[in-house]
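# Coordinates in review
Chain by chain, the residues:
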Amino acid sequence: MGGVLSPILSNIYLDKLDTFVETTLLPAYNRGERRRHNPAYEEVKRRLTEARTRGDTHEARALLKQRRTLPYGDPLDPAYRRLVYVRYADDFLLGFSGPKAEAEEIKGCLRALLRDALALDLSEDKTLITHAGSAPARFLGYAIWSQHRDDKIDRNGRRCVNGVITLRVPTETVATRCRRYMRADKPIHRPELLADSDFAIVSKYQAEYRGVVQYYLLATNVHELGHLRYVMESSLLKTLAAKRRTTVMAMVRKHKATTDTPDGPLTCLRVSVNRGEGKPPLVAEFGGIPLRRKPRATLHETPIQIWTKPSDVLARLLADRCEMCGHEGDCHVHHIRKMANLHVKGRREKPAWMRRMIAMRRKTLVVCRTCHVAIHAGRPTRQPSTDQSPESRIRGNV
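Below, the structure is looked at part by part.

Reading the values: the criteria
- Residues numbered from 1 in each chain as written.
- Predicted model: local features only at pLDDT ≥ 70, side-chain atom pairs only at ≥ 80, totals over all residues.
- Heavy atoms only, no water.
- Disulfide = S-S within 2.5 Å.
- Buried < 20%, exposed > 50% of the residue type's maximum accessible area, 1.4 Å probe, protein only.
- Patch = residues over 30% accessible without salt bridge, like charges linked within 9 Å, V, L, I, M, F, W, Y side chains within 5 Å.
- Areas by Shrake-Rupley, 256 points an atom, 1.4 Å probe, with all protein chains shown as cover.
- Salt bridge = Lys/Arg side-chain N within 4 Å of Asp/Glu carboxyl O.
- Helix = DSSP H or I, 4+ residues; strand = E, 2+ residues; numbered from the N terminus.
- Phe/Tyr/Trp six-rings, centres within 6.5 Å; stacked < 30°, edge-to-face > 60°.
- Lys NZ or Arg CZ within 6 Å of the ring centre and 35° of its normal.
- Pairing = 2+ DSSP bridges.
- Axes fitted to C-alpha atoms, helices over the stretch in contact; angles between N-to-C directions.

## A word on the state of the cysteines
Counting across every chain of the model gives 0 disulfides. Cysteine Cys-178 remains unbridged, with the sulfur of Cys-268 as its closest cysteine sulfur at 20 Å. Here Cys-325 stays free of any disulfide, with the sulfur of Cys-322 as its closest cysteine sulfur at 3.5 Å. For Cys-325, a relative accessible area of 5% corresponds to the buried category.

## Topic: a nonpolar patch on the surface
Nonpolar side chains collect at one region of the surface, where Val-4, Leu-5, Ile-8, Leu-9 and Ile-12 lie side by side and expose about 560 Å² of accessible area between them. Examined against the element boundaries, Ile-8 turns out to sit in helix 1 (residues 6–13). Residue class for Ile-8 comes out partly exposed when judged on its relative accessible area of 48%.

## Describing the packing of aromatic side chains
Applying the stated rule across the entire model yields 9 aromatic pairs. Taking 5.3 Å as the distance between ring centres and 80 degrees as the angle between the ring planes, the aromatic pair formed by Tyr-41 and Tyr-72 counts as edge-to-face. Of this pair, Tyr-41 sits in helix 3 (residues 39–54) while Tyr-72 sits in the loop between helix 4 (57–67) and strand 1 (82–88), and the two are 31 residues apart along the sequence. When the centroid spacing of 6.0 Å and the interplanar angle of 35 degrees are considered together, the rings of Tyr-181 and Tyr-205 count as tilted. Separated by 24 residues along the polypeptide, Tyr-181 in the loop between helix 6 (171–179) and strand 6 (182–183) and Tyr-205 in helix 7 (residues 198–215) bring together distant segments of the chain. What makes Tyr-181 buried here is its relative accessible area of 5%. For Tyr-205, a relative accessible area of 0% corresponds to the buried category. Pairwise contacts between aromatic rings join Tyr-181, Tyr-205, Tyr-209 and Phe-286 into one cluster. Its end group placed over the ring of Tyr-205, Arg-190 keeps NZ or CZ at 5.0 Å from the ring centre.

## A short note on the pattern of salt bridges
Following the criterion strictly, the structure yields 18 salt bridges and no others. Close ionic contact of Glu-285 with Arg-270 constitutes a salt bridge, the shortest N to O distance being 2.8 Å. Residue Glu-285 is located in strand 10 (residues 282–287), and its partner Arg-270 is located in strand 9 (residues 264–273); the two are separated by 15 residues in the primary sequence. We classify Glu-285 as partly exposed; its relative accessible area is 22%. Relative accessible area serves as the criterion here: at 27%, Arg-270 is assigned to the partly exposed category. Arg-321 serves as the salt-bridge partner of Glu-328, at 2.6 Å between the closest nitrogen and oxygen.

## Looking at the pairing of strand 1
One face of the sheet, then the other: side chains in a regular strand alternate in exactly this way. The sheet contact formed by strand 1 and strand 2 (residues 91–97) spans 7 bridges and is antiparallel. Across the sheet, residue Leu-83 finds its bridge partner in strand 2, namely Phe-96. Remark: 2 residues form the turn of the hairpin made by strand 1 and strand 2, two consecutive strands paired antiparallel; Ala-89 in that turn has positive phi of roughly 55 degrees.

## Section: the sheet that holds strand 3 (residues 137–139)
The strands that make up a sheet pair up through hydrogen bonds in the backbone, lying either parallel or antiparallel. As summarised here, the arrangement of the 3 strands in space is 3-4-5, forming an open sheet in which the pairing is antiparallel. Two strands close off the open sheet at either side, each with one partner strand: strand 3 and strand 5 (165–168). Here the strands of the sheet are splayed against their neighbours by 35 degrees on average, with no regard to which way each runs. By the bridge criterion, 4 bridges tie strand 4 (residues 142–146) to strand 5 in an arrangement that is antiparallel. Within strand 5, the residue paired with Ser-146 across the bridge is Ile-165.

Printed below as a string of structure tokens:
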């Protein structure tokens, strides 16, 4: 697994590769403005015009269907080539319109550059030459195809998808994701979550499901993630049923709800936690995400996956009591990225809130608004009230 710095380090080290492709390969393998006309297409077009002039609608209709099976440009035009290049971290993709022999030449040039200039070996198992119209190319978890459908016609009567690149969810990706929640080809419960609250369990499943769906929203077949939703929903219901020692149908009747989305109402599983008068309840939902393609979707680099130990954040937040000064009401959660940030050598004396988190061994701290502002401003937090000792507050909230 790569870290957050992997793309940056790859950009630095593989700069020579980018420069070589942009200054050498692209100028060498890009030529011509447009393909020359296909002689077979032009011949059928001429016959179609003659049939329409004679008024022979039957022959014209047959010739129109025949013309739609032929490419407009000459696929074998030697004066036309196109090469495009894209790279993310150490994964790169080249799209080439030309003969396979020249594609082999490009691969050989890349192998030589990586070996001689960067001391890297080109993986033969992962570096493949595929015909995008018959087999997908894999890049960043997507399957990349070149579409071809002669019967897909736009409002002007023209073929509109031939040669257009499309992104798809690989079939094996859906199967791999589903296996994490299955055993013996059936959805199962997750024993490691039984100690969590219903709210936390639903939140974990939703975070994992949302991460996968949002990553693949650019895919034309994002609807195939509906099978993943079914498997995860079944696993979620079985986990809740195992926790409550009841049946799956009882959990369905208890948590089934409807949520509004931009694409209309959708069914979901909902857990609400009442926080008292004057405060909105805490709500966790699973599902409720339309599985429709969004061509302009913003991708997240890594689908969110949460496999954590039981957390008491919900109980501490519901207590609504500041863990620094003991003030009740209007509490927030102060969060740090990792515990190691609290133990940096050479740092000046640690403030009270930092010592508190170290003593609790928690990355979160429930504090009132005044203490929260003081923490971010670098000021001392409020002193605890005299009617409650710090030791008693620790025992009552941790």
